[in-house]
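Understanding the architecture of this molecule
In case you want the letters, here they are:
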Amino acid sequence: MSTSALNLSTKGPAGASPAEGSAAGDSVTKVTEAAVGIVQRDNGMVLLGERPVGKPWEGYWEFPGGKVEPNETPAQALKRELQEELGIIVTRFHSWMTRTYEYEARYDQSGKLITPAKAVKLHFFIVVEWQGDPVGLEDQQLSWQNPEKLTVGPMLPANTPILTALSLAPVYAISNLKEMGEVQFFERLKMALENGLMMIQVREPDLSKQDLMLFAEHVIALAKPFEAKVFVNTDVESAQQLNAAGVHLSAQRLMQLKVKPEGLLVGASCHNAAELAHAKMLALDYVTLSPVKSTLSHPNTAPLGWATFNQLVAGYSLPVFALGGMLREDLDPARTYGAHGIAMQRDVWGAL
Ligand SMILES: Nc1nc2c([nH]c(=O)n2[C@@H]2O[C@H](COP(=O)(O)OP(=O)(O)OP(=O)(O)O)[C@@H](O)[C@H]2O)c(=O)[nH]1
Ligand SMILES: [Mg+2]
């Protein structure tokens, strides 16, 4: 059934009392915990399923998964749900983000309650290896989708930021004009783009404002045919003026920001729990967390190490790029410690 045709409203009609009572509809007393699997192929395509008829939000598309049962960890729930719903055995996965979402009650035009208000805490996992071919064992339709160009819908409303997060590639390159010089930098950038680099940050604190704008313009022009995203480490207005995919805020700019700007992606540099909490409150699109290892860029800062990194990002709601002394081979370990990906200023330009 197509739910989009129902003309649903999230509020009861003015003056009408919902047939099943507003107490049942509006009050959220407990939080439902669920484990959700982003089953992802090497080419980035993810598996979506349509919620079956008879379930709340039937007809909406979601990632496979379901409720965490008592005495079960979210990871155990993930494995069980994916076996029950898809018939696959999950063999390798990373815990990714944890987000809470409050669904408002929905009523039809006569005021009858369709789905009650509900709070969910979703534990997302990226599933990278599994046995068997996924089959819709609950009569749900399945579809492999490019998260940036969905051809099915509507998606469950909680999942919009999840799709944005999935549009951020796991390898994030930071410009290094100072050490490489212009000729080598642009040569390596072109090579990297041809080899699949999709996320670039222009970060050149030593350039004048005017030179930074010119440099960023050039990087954006080169990245465009590859649909690679360029984030500029500057103020929001300058990034908007450049028509960059996003802005990357320093920790200082982050802590001064009160509301997330609209119209571009927004990421920020974090180094501690307070900065992570502020980025979460603003619902930014991603953060970097550094320095994980000791790094040439910040020789006097003590590295966090993977254990502290892991503690800081456990249960966090935004995608986190590990930064600081990262090598390309750190991507896998970074993901096992809860990172979305890794950001690099040096190794990425040499190894591609
Ligand atoms: N599986 C799944 N659930 C999601 C997603 N996004 C989201 O808000 N949810 C919410 O998380 C909860 C998970 O529930 P589910 O309906 O899949 O649970 P389940 O498989 O255990 O179903 P059952 O209770 O009918 O046996 C629901 O409240 C659902 O609305 C998503 O992408 N995938
Ligand atoms: Mg389910």
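The numbers attached to residues start from 1 for each chain and follow its sequence in the written order. In the order they appear in the text, chains get letters beginning with A and ligands get numbers beginning with 1. With pLDDT at 70 or above as the cut-off, local features in this predicted model cover only qualifying residues; side-chain atom pairs require 80 or more to be listed or tallied, and sums for whole chains, interfaces and linings still use all residues. The basis for every side-chain value is the complete set of non-hydrogen atoms in the structure, without hydrogens or water.

As recorded in an unreviewed UniProt entry, the chain goes by 8-oxo-dGTP diphosphatase and comes from Methylotenera mobilis. In the Cofactor (unreviewed entry) part of its UniProt record, the chain is described as follows: "Mg(2+)". UniProt positions are given in the numbering used here, feature names are shortened, and annotations may be inferred rather than shown by experiment. The UniProt entry for the chain carries the following comment under Sequence similarities (unreviewed entry): "Belongs to the Nudix hydrolase family."

1. Examining the coordination of the magnesium ion (ligand 2)
Each metal site lists N, O and S donors within 2.8 Å (3.2 Å for Na, K and Ca). With water left out of the atoms, a site can look as if it is missing ligands. Distances from the magnesium ion (ligand 2) to its protein donors, G65 (O) and E85 (OE), fall within 2.1 to 2.2 Å. Residue G65 is found in strand 4 (residues 65–67), and its partner E85 is found in helix 2 (residues 74–86); the two are separated by 20 residues along the sequence. Judged by its relative accessible area of 4%, E85 falls in the buried class. Secondary structure elements follow DSSP: runs of H or I no shorter than four residues count as helices, runs of E no shorter than two count as strands, and numbering proceeds from the N terminus. Partly exposed residues are those whose accessible area sits between 20% and 50% of the maximum for their type, while under 20% is buried and over 50% is exposed, using a 1.4 Å probe and protein chains only.

2. Remarks on the UniProt feature "domain: Nudix hydrolase" (unreviewed entry) in the chain
Under the UniProt annotation, the feature "domain: Nudix hydrolase" (unreviewed entry) is placed at residues 31–170. With 14% helix and 41% strand, residues 31–170 has end C-alpha atoms that lie 30 Å from one another.

3. Considering the sheet that holds strand 8 (residues 118–131)
To summarise the sheet geometry, strands pair through backbone hydrogen bonds and adopt either a parallel or an antiparallel arrangement. Pairing between two strands is assigned when DSSP locates at least 2 bridges connecting them. Read across the sheet, four strands follow the order 4-1-8-5 without closing on themselves; strand pairing throughout is mixed. The open sheet has two free edges, formed respectively by strand 4 and strand 5 (89–103), since each of these has just one partner strand. Averaged over all pairs of adjacent strands, the angle between their axes in this sheet comes to 20°, without regard to strand direction. Pairing between strand 5 and strand 8: twelve bridges, direction antiparallel. The residue bridging T100 from the neighbouring strand is K121, located in strand 8. Relative to strand 4, helix 2 is tilted by about 120°, and along the sheet it contacts strand 1 (31–39), strand 4, strand 5 and strand 8. Orientation is described by lines fitted to C-alpha atoms, with helices fitted over the stretch in contact, and by angles between N-to-C directions that extend from 0 to 180 degrees. Throughout, a contact is declared for two residues whenever any of their heavy atoms are within 4.5 Å.

4. A few points about the pattern of salt bridges
Side-chain pairing between opposite charges can occur once the charged atoms of the two side chains come close. Salt bridge, as used here: a side-chain nitrogen of Lys or Arg that lies within 4 Å of a carboxyl oxygen of Asp or Glu. Per the counting criterion, the structure on display carries 14 salt bridges. Here E72 makes a salt bridge to R80, at a shortest N to O gap of 2.6 Å. Here E72 matches R80 in class, with each residue buried. A salt bridge links D206 to K178, with the shortest nitrogen-to-oxygen separation between them at 2.9 Å. Separated by 28 residues along the polypeptide, D206 in the loop between strand 11 (199–202) and helix 5 (209–223) and K178 in helix 4 (residues 177–194) bring together distant segments of the chain. Residue D206 is classed as exposed on the basis of its relative accessible area, which comes to 55%.

5. A few points about the nonpolar core
Here, the term nonpolar core denotes a set of buried Ala, Val, Leu, Ile, Met, Phe, Trp, Tyr and Cys residues that are joined through side-chain atoms within 4.5 Å. Formed by 58 residues in total, the largest nonpolar core has its most connected members in F185, L189, I200, V219, F309, A322 and W349. In terms of residues, this core owes the most to one element, helix 5, which gives eight residues. Residues within four places of V219 in sequence aside, it is in contact with F185, F186, L189, I200, V202 and V230. In this structure, A34, W96, I126 and M155 belong to the second largest nonpolar core, which totals 24 residues.

6. Section: the environment of V53
Note on placement: V53 falls in the loop between strand 2 (46–50) and strand 3 (61–62). Sequence-wise, V53 and F124 are 71 residues apart; in three dimensions their C-alpha atoms are separated by 24 Å.

7. With respect to the environment of D211
Following the sequence through the fold, D211 ends up in helix 5. According to the relative accessible area criterion, D211 is partly exposed, its value standing at 38%. Between the alpha carbons of D211 and V53 there is a distance of 57 Å; along the sequence they are 158 residues apart.

8. Looking at the packing of aromatic side chains
Stacked, tilted and edge-to-face are the three classes assigned to paired rings of Phe, Tyr and Trp, where Trp is represented by its six-membered ring and a pair needs centres within 6.5 Å; plane angles under 30 degrees give stacked, over 60 edge-to-face, the rest tilted. Applying the stated criterion across every chain, the model contains 17 aromatic pairs. Here Y172 and F231 contribute two aromatic rings whose centre-to-centre distance is 5.8 Å and whose plane-to-plane angle is 70°, an arrangement assigned as edge-to-face. Placement of Y172 in strand 10 (residues 171–174) and of F231 in strand 12 (residues 229–233) is noted, with a sequence separation of 59 residues between them. Accessibility assignment for this pair places Y172 and F231 in one class, buried. A centroid spacing of 5.2 Å and a plane angle of 85° characterise the contact between F231 and Y286, whose relative ring orientation is edge-to-face. One end of the pair, F231, is in strand 12; the other, Y286, is in strand 15 (residues 286–289), and 55 residues separate them in sequence.

9. Things to note about the domain arrangement of the chain
Note that the domain bounds reflect an automated or database-derived domain assignment. According to the domain assignment, the chain consists of domain 1 (31–160) and domain 2 (171–349). Placing a centre on the C-alpha atoms of domain 1 and another on those of domain 2 gives a separation of 29 Å. Opposite the twelve residues of domain 1 that make contact, domain 2 presents twelve residues. Taking both sides of the interface into account, the surface hidden between domain 1 and domain 2 amounts to around 920 Å²; carbon and sulfur atoms contribute 41%. What counts as buried area is the accessible surface, traced by a 1.4 Å probe, that two parts surrender upon association, with contributions from both included. Three residues stand out in domain 1 for area buried against domain 2, namely H94, W96 and T98, and they jointly supply 46% of the buried area on that side. For the pair domain 1 and domain 2, the interface holds two salt bridges. A salt bridge links K149 to E227; the shortest N-O distance between them is 3.5 Å. Whenever a nitrogen or oxygen atom comes within 3.5 Å of another N or O atom, the pair is scored as a polar contact, on the condition that within protein one atom can donate a hydrogen and the other can accept it, and that pairs from neighbouring residues in sequence are kept only if both atoms are in side chains. The tally of links from domain 1 across to domain 2 stands at five residue pairs in polar contact (both at pLDDT 80 or more). Sorting the residues of the side of domain 1 that touches domain 2 by element identifies strand 5 and strand 8 as the ones contributing at least two each. A per-element tally of the side of domain 1 that touches domain 2 places strand 5 first, with seven residues.

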